[in-house]
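What follows is the residue order along each chain.
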Amino acid sequence: MEKEIMPATNGAGQAPAAHSGAHPEAADFPLREARKLVKDLWQPNARLYWTDFTTSNVLGWGAVAAATLAPIGSALQIIALVIATLALYRAVIFIHELAHFRKGTFTGFRRFWNATCGMPMMVPAYTYADVHIDHHKPQVYGTEEDGEYLPFAVDEPWKMVAFVLQAFLVPVLLVIRYTVLMPLTLISKRFRDYVWERASSLVIDYAYLRPAPKKDQGKSWLLEDVLTGLYAYAAFALVYFDILPLTFLGVWYTVTFAIFVLNGLRTLAAHAYRNGGRERMSQQEEFLDSVDVPGNRYITPLWAPVGLRFHATHHLFPGMPYHQLEKAHERLKAELPDNRLYLAASRKNLWAAVAQLWREAKAAKQA
């Protein structure tokens, strides 16, 4: 039964404490009931994973080819760039699902994703895997050890703008990472450890220090680094020998930049980012510090693909396959005895989510 959503208070008519991720009503969230309602939604559909990813990937690279061959600045090239960005963005975001697969499962899919998408886009799977799993650990989420969290809601608003605009530099940094730094890591183990610690993670907090690889990870990390570098060298060589037109590099840069802009905006809408004190939070507080944007089922997935429009629900059930999250959201909204706190994590659309974050940041600086 859907009830009116009221602003969160501490029971005395006051808002939650500033610079804190604590939520005064978190303990009242019906977590046990929620788990019971979705207990049948945990089985991944392998055929859907392969079909969805392959379709997005083929469409994306096909559009890259069309944009490369089209006259520069033509309507055809612009349309192809838009299609390439949206399709490859969806394909790349499957890295999020890879991070949540149980060890030893979907091995073929992981390799196929790396070979046809992750490495050509210079974001091999290992750069996200353990980093993201740590983001979901209760002892890590929202703390200084969480590379995917910054307290935007209690910081200077301009930092949100800077966070999105830094996408201009990301493609260049990726090229440097895999064509300049990667060969040096083969020469010096000490330098390799340094690069793995400071320049091998898809995070938003650039002060993040990644833990050293586990015993069974070092060789696979190095292999993914080398193969990703070979993709970059091959692209430059093909352009140098006039097998690929120079336009290809411009198209790759444009598409990669646009993907990181979209993902930056999506990231701002993914959480409330109120935990300025960086204290540990309960799972219920973590959920209430996260955001669902159900939006339009056809439009919203363009900027929040592969289930990420249900990001708060994902933080309740991290291992749930992306294709079950909408069903879980609808079921919880309709069947929770008291759905008020569940719906409190929802925003109307991307702009509403980002605007609320901006308002809270401005208010925090004026307080």
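You'll find the structure just up there.
So, how was this worked out
Residues numbered from 1 in each chain as written. Predicted model: local features only at pLDDT ≥ 70, side-chain atom pairs only at ≥ 80, totals over all residues. Heavy atoms only, no water. Phe/Tyr/Trp six-rings, centres within 6.5 Å; stacked < 30°, edge-to-face > 60°. Lys NZ or Arg CZ within 6 Å of the ring centre and 35° of its normal. Patch = residues over 30% accessible without salt bridge, like charges linked within 9 Å, V, L, I, M, F, W, Y side chains within 5 Å. Areas by Shrake-Rupley, 256 points an atom, 1.4 Å probe, with all protein chains shown as cover. Salt bridge = Lys/Arg side-chain N within 4 Å of Asp/Glu carboxyl O. Helix = DSSP H or I, 4+ residues; strand = E, 2+ residues; numbered from the N terminus. Buried < 20%, exposed > 50% of the residue type's maximum accessible area, 1.4 Å probe, protein only. Core = buried A, V, L, I, M, F, W, Y, C linked by side-chain atoms within 4.5 Å. Contact = heavy atoms within 4.5 Å. Polar contact = N/O pair within 3.5 Å; in protein donor to acceptor, adjacent residues only side chain to side chain. Lys, Arg positive; Asp, Glu negative; His and termini not counted. Charge placed at Lys NZ, Arg CZ, Asp CG, Glu CD. Axes fitted to C-alpha atoms, helices over the stretch in contact; angles between N-to-C directions. Parallel < 35°, antiparallel > 145°, perpendicular 65-115°, else oblique. Nonpolar A, V, L, I, M, F, W, Y, C, P; charged D, E, K, R; others polar.

**Some thoughts on the packing of aromatic side chains**
One pass over the structure, following the stated rule, counts 28 aromatic pairs. Put simply, the rings of Tyr49, Trp50, Phe53, Phe94, Phe101, Phe106, Phe109, Phe112 and Tyr322 pair up and form one aromatic cluster. When the ring centre of Tyr178 is taken as origin, the NZ or CZ atom of Arg177, which lies over that ring, is 4.6 Å away. Directly above the ring of Trp221 sits Arg210, whose terminal nitrogen or CZ lies 4.3 Å from the centroid.

**Description of a nonpolar patch on the surface**
On the surface, a nonpolar cluster with roughly 1,100 Å² of combined accessible area is contributed by Val161, Leu165, Phe168, Leu169, Val172, Leu173, Ile176, Val180, Leu184, Leu186, Ile187 and Trp358. Broken down by secondary-structure element, the contributors of at least two residues to the nonpolar patch are helix 6 (158-165) and helix 7 (170-187). Here the nonpolar patch gets seven residues from one element, more than from any other, and that element is helix 7. On the secondary structure map, Val172 appears in helix 7. The exposure class assigned to Val172 is partly exposed, which follows from its relative accessible area of 41%.

**Thoughts on the pattern of salt bridges**
Applying the stated criterion across every chain yields a total of 13 salt bridges. Between Asp40 and Arg331 there is a salt bridge, and its shortest N-O distance comes to 2.6 Å. Taken together, the residues span a long stretch of sequence, with Asp40 in the loop between helix 1 (31-37) and helix 2 (46-69) and Arg331 in helix 14 (residues 325-335) at a distance of 291 residues. With a closest N to O distance of 2.8 Å, Lys103 and Asp216 form a salt bridge. Remark: Asp216 occurs in the loop between helix 8 (189-198) and helix 9 (218-240) and Lys103 occurs in the loop between helix 3 (75-100) and helix 4 (107-118); sequence separation between them is 113 residues. In this structure, a network of salt bridges that share partners links the residues Arg297, Arg309 and Glu326.

**A closer look at the nonpolar core**
Counting residues in each nonpolar core, the largest one holds 64 residues, and the members touching the most others are Phe94, Phe109, Trp113, Phe152 and Leu268. If we skip the residues at most four places from it in the chain, Phe152 touches Lys159, Met160, Phe163, Ile204, Leu268, Tyr273, Leu357 and Ala361. Among the nonpolar cores identified, the runner-up in size contains 22 residues, and Leu31, Met320, Leu332 and Leu343 belong to it.

**Side note on the environment of Asp146**
Looking at the element boundaries, Asp146 is found in the loop between helix 5 (129-135) and helix 6. Residue classification places Asp146 among the buried positions, given a relative accessible area of 1%. Separated by 26 residues in the primary sequence, Asp146 and Val172 have C-alpha atoms spaced 25 Å apart. In this structure Asp146 touches His135, Val140, Tyr141, Asp205, Tyr208 and Arg278, once residues within four positions along its chain are discounted. Among the polar contacts made by the side chain of Asp146, one reaches the main-chain amide nitrogen of Gly142 at a distance of 3.0 Å.

**Examining unusual backbone geometry**
With a phi angle near 55 degrees, Phe106 is a residue other than glycine that sits in the positive phi range. With respect to the helices and strands, the residue Phe106 is situated in the loop between helix 3 and helix 4. A positive phi angle, close to 55 degrees, is found at Tyr273, a residue other than glycine. Counting through the fold element by element, Tyr273 comes out in the loop between helix 10 (247-268) and helix 11 (283-288).

**Concerning a positive patch on the surface**
A grouping of Arg32, Arg35, Lys36 and Lys39 is seen on the molecular surface, where their side chains present a positively charged patch. Locating Lys39 in the fold gives a position in the loop between helix 1 and helix 2. According to the relative accessible area criterion, Lys39 is exposed, its value standing at 67%.

**Observations regarding the side chain of His315**
For His315, the position within the fold is in helix 13 (residues 311-316). The class of His315 is buried, set by a relative accessible area of 1%. When neighbours within four sequence positions are excluded, His315 is seen to be in contact with His135, His136, Tyr141, His271, Gln283, Glu286 and Ser290.

**Focus on the packing of helix 7 against helix 10**
In contact at an axis separation of 8 Å, helix 7 and helix 10 are set at 115 degrees when each is read in the N-to-C sense. Our classification of the angle between helix 7 and helix 10 gives roughly perpendicular. Taken together, the residues of helix 10 that come into contact with helix 7 (itself represented by Val170, Pro171, Val172, Leu174 and Val175) are Trp252, Tyr253, Thr256, Phe257 and Phe260. By residue class, the composition of the contact of helix 7 with helix 10 is nine nonpolar, one polar and no charged.

Remember, this is a structural readout, not a statement about activity or role.
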